[in-house]
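# Structural overview
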Amino acid sequence: METPKSYTKIFIVLLIVLVVCFFLNICLGSVSIPFKDVVAAILEDNSTKSSWQHIIINYRIPKAVTALLVGSGLGISGLLMQTLFRNPLAGPYVLGLSSGASLGVAIVILGSSLFGGAFSAVLLTKWSLVIASSIGSFLVLLAVILVSIKVKDTMAILIIGLMFASVTAAIVNMLSYFSTAEQLQRYVFWSFGSLGNLSWNELLILSVIYLIGLILTIFSIKSLNALLLGDHYAKSLGLNIKKARFIIIVATSCLAGSITAFAGPIAFIGLAVPHLTKLIFDTSNHRILVPAVLFSGSILMLICDSIAQLPTSEYTLPINAVTSLVGAPVIIWLLMRKKKMFV
Amino acid sequence: MKKESEHIVLKATDLSVGYQSKKQTHTVAKHINFELKKGELVGLIGANGIGKSTLLRTLTKTQQPLGGTIHINNQELTQINQLTLAKQLSLVLTENVSQTNLSVQELIALGRQPYTNWLGTLSATDIEKTAASLDVIQINELAQKKCFELSDGQLQKVMLARALAQDTDLIILDEPTTHLDLYHKVYILKLLQKLAKETHKTILFSTHEINVALSMCDKLIVMKQDKTHFGTPQELISNNAFDDLFPKDLVEFDADSSSFKIK
């Protein structure tokens, strides 16, 4: 039915590009390491310098894997939101999901002094950031969904999402006012986004939550395709709308919430990747789109991260700046090239 | 054959429809009675705002009836779960699907969802039924086209094919001819007539094309302010059911030509 041949070709090309980008990403960095030494380090060949091996194994590979998870995860959550709301402009960011995550993290980082003592020590572990961020984003998204049941107009839901973002920003401002400079700096750096700084253990935690989100997404593929026709048709096809919606929301908050907690609120990937993928694959069928978004999200994120590294220089750009600089023109270009943006 | 033709697919008994909020109940129409048999083409007509859409929404379980009962294949509607209902009743709605970048074939295959597994994989039967409904509606040449490339008339045929692929005894259509020109209006209704005859599906549709509906439907449901009539076109005309369908200042029903005339 889906003329699998032509899609297989694109998938193979994407797989090759992905592998190339992954290796390129590992090869590039502040310290220039020759290609053969990179390979040697990966193969745990002891002939190479131990400091280089340390950089590759404990810094660059975790970062590249993080980029993989972040790009694909945000792409998927953007896709889920666009289909659920039948709106091409929807994405985790637009609906205030990452503002919710920001609020959660802000309360933990900036508000930790308010809770005081031993409790704050518990609050400042990386685990607590993940939990705070996930809860924050889940609550905001749940609020948006509750509103969406009452309000039929999708535009209104988007505006309400923006309002949630304003409210959370206001609360973050208030928290900032009562925080120390050190806490504030920590929060600001978190909000710049960063793919580094993740140990293998933290990466494991991220992967587990990411996988839960991904599995829920795979179970939602059938309902996502039904939802393309709108709620009424979907219901007439035997779909339990409330359950399907709930699973999609949980999947989105698992993916976007955990990613935002570990890597900060990364802009534009969630919006740009689904559209880029829909353009390449020219379909709305989620059986194709879900795997396709996984590939193109990973690739785009690896490229953005490689740019952010400013290879051979000792500086690194905030990843958020790079994704915005790459993502925004992509969206503008898409809008100018095509008259229609598909859900 | 006789037994089959007497099988009642959709039955409404003393049905009243409308809206219920915490404070008050707003009844739109009441005392609705009809029985649709297998293979019948039935039109639902009435003035704007008389409650056609409310009745259709109630029949399709989108909203609850205020009173009375609905039976589909002798089973009460409230007792049928959503998935089972999807195998007995398919819909063609006025909702716009042209925002979707699906091919016609993919869209029609979505009609097989009640039968597919958790991932929506199409079985051989599903592919066969999809192809068969493309054949019946005669839109094979559109199969690989994208939905947003279609004209309104083509899109309506595709949506009908999708409903057909769902393989249900009953198809309900909400104003299927609204945006179409006269030729395509008649074309779609002829198609519905053919489907009812050849595939023995029961088809209920709401329409404003009274003249066309009178000449093509087996039975009609006529909704008016105080009463809802049900019967064959001849019965309804001889009972003067159409005389007060609209306010009498602009149009009147002419029984001889069985059509409405502008005064």
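The structure contained in this document is the topic of the report that follows. Just so it is clear, the model here is predicted, and its values are computed rather than measured.

Procedures and definitions
- Residues numbered from 1 in each chain as written.
- Chains lettered and ligands numbered in written order.
- Predicted model: local features only at pLDDT ≥ 70, side-chain atom pairs only at ≥ 80, totals over all residues.
- Heavy atoms only, no water.
- Pairing = 2+ DSSP bridges.
- Helix = DSSP H or I, 4+ residues; strand = E, 2+ residues; numbered from the N terminus.
- Axes fitted to C-alpha atoms, helices over the stretch in contact; angles between N-to-C directions.
- Contact = heavy atoms within 4.5 Å.
- Expected span 1.5 Å × (residues − 1).
- Buried < 20%, exposed > 50% of the residue type's maximum accessible area, 1.4 Å probe, protein only.
- Salt bridge = Lys/Arg side-chain N within 4 Å of Asp/Glu carboxyl O.
- Phe/Tyr/Trp six-rings, centres within 6.5 Å; stacked < 30°, edge-to-face > 60°.
- Lys NZ or Arg CZ within 6 Å of the ring centre and 35° of its normal.

## Section: the sheet that holds strand E10 (residues 228-231) of chain B
All names here are of chain B. The strand order E6-E7-E8-E3-E9-E10 describes an open sheet built from six strands, whose pairing is mixed. Pairing within the sheet leaves two strands with one partner each, and these edge strands are strand E6 (89-92) and E10. Ignoring strand direction, the axes of neighbouring strands in this sheet form an average angle of 15 degrees. As judged from the five bridges shared by strand E3 (residues 41-46) and strand E9 (residues 219-223), these two strands associate in the parallel manner. Of the residues in E9, the one forming a bridge with Gly43 is Leu220. Most of the contacts of helix H6 (residues 152-165) go to E6, to which it runs at about 170 degrees, and overall it touches E6 and strand E7 (170-173). Set on the sheet, helix H7 (residues 182-199) makes contact with E3, E7 and strand E8 (202-206); between it and E8 the angle comes to about 155 degrees.

## With respect to helix H4 (residues 97-110) of chain A
The terminal C-alpha atoms of H4 of chain A lie 19 Å apart, and with 14 residues this matches the ideal 20 Å at 1.5 Å per residue to within 8%. Of all 14 residues that make up H4 of chain A, 13 are buried, and the element is covered over most of its length.

## Overview of the sheet that holds strand E4 (residues 67-72) of chain B
All names here are of chain B. One open sheet accounts for four strands, arranged E2-E1-E4-E5; its pairing is antiparallel. Of all strands in the sheet, those with a lone pairing partner are strand E2 (25-37) and strand E5 (75-76), marking the two edges. In this sheet, E2 lies alongside strand E1 (residues 8-20) in antiparallel orientation, the contact comprising nine bridges. Across the sheet, residue Tyr19 finds its bridge partner in E2, namely His26.

## Comments concerning the pattern of salt bridges
Residue and element names in this part refer to chain B. The full count for this structure, using the stated rule, is nine salt bridges over all chains. Taking the shortest distance from any N to any O, the salt bridge between Lys219 and Glu40 comes out at 2.8 Å. In this pair, Lys219 sits in strand E9 while Glu40 sits in the loop between E2 and E3, placing the two residues 179 residues apart along the sequence. Asp254 is paired through a salt bridge with Lys261; the nearest N and O atoms lie 3.3 Å apart.

## What about unusual backbone geometry?
Residues other than glycine predominantly adopt negative phi, and peptide bonds predominantly adopt the trans conformation. All names here are of chain B. Even without a glycine there, the phi angle at His31 is positive, about 50 degrees. Among the structural elements, His31 can be located in strand E2. We note that Glu175 has phi near 40 degrees; this positive angle belongs to a residue other than glycine. Position of Glu175 relative to the elements: it lies in the loop between E7 and H7.

## Let's talk about the environment of Val172 of chain A
Secondary-structure assignment places Val172 of chain A in helix H8 (residues 154-177). Separated by 87 residues in the primary sequence, Val172 of chain A and Ile259 of chain A have C-alpha atoms spaced 20 Å apart.

## Details of the environment of Thr168 of chain A
Structurally, Thr168 of chain A is set in helix H8. Distance in space between the C-alpha atoms of Thr168 of chain A and Gly104 of chain A is 9.3 Å, their sequence separation being 64 residues.

## Details of the packing of aromatic side chains
Enumeration over the complete set of coordinates arrives at twelve aromatic pairs over all chains. Aromatic side chains Tyr7 of chain A and Phe281 of chain A sit 6.0 Å apart centroid to centroid with 20 degrees between the ring planes, which places their arrangement in the stacked category. Taken as a pair, Tyr7 of chain A in helix H1 (residues 4-27) and Phe281 of chain A in helix H13 (residues 269-281) lie far apart in primary sequence, 274 residues in all. As far as burial versus exposure is concerned, Tyr7 of chain A and Phe281 of chain A are alike and both buried. Here Phe22 of chain A and Phe23 of chain A contribute two aromatic rings whose centre-to-centre distance is 6.4 Å and whose plane-to-plane angle is 85 degrees, an arrangement assigned as edge-to-face. Classification of Phe23 of chain A as partly exposed rests on a relative accessible area of 36%. Aromatic ring contacts, followed pair by pair, group Tyr7, Phe11, Phe281 and Phe295 of chain A into a single cluster. Residue placement shows Arg112 of chain B over the ring face of Tyr115 of chain B; its charged tip is 4.2 Å from the ring centre.

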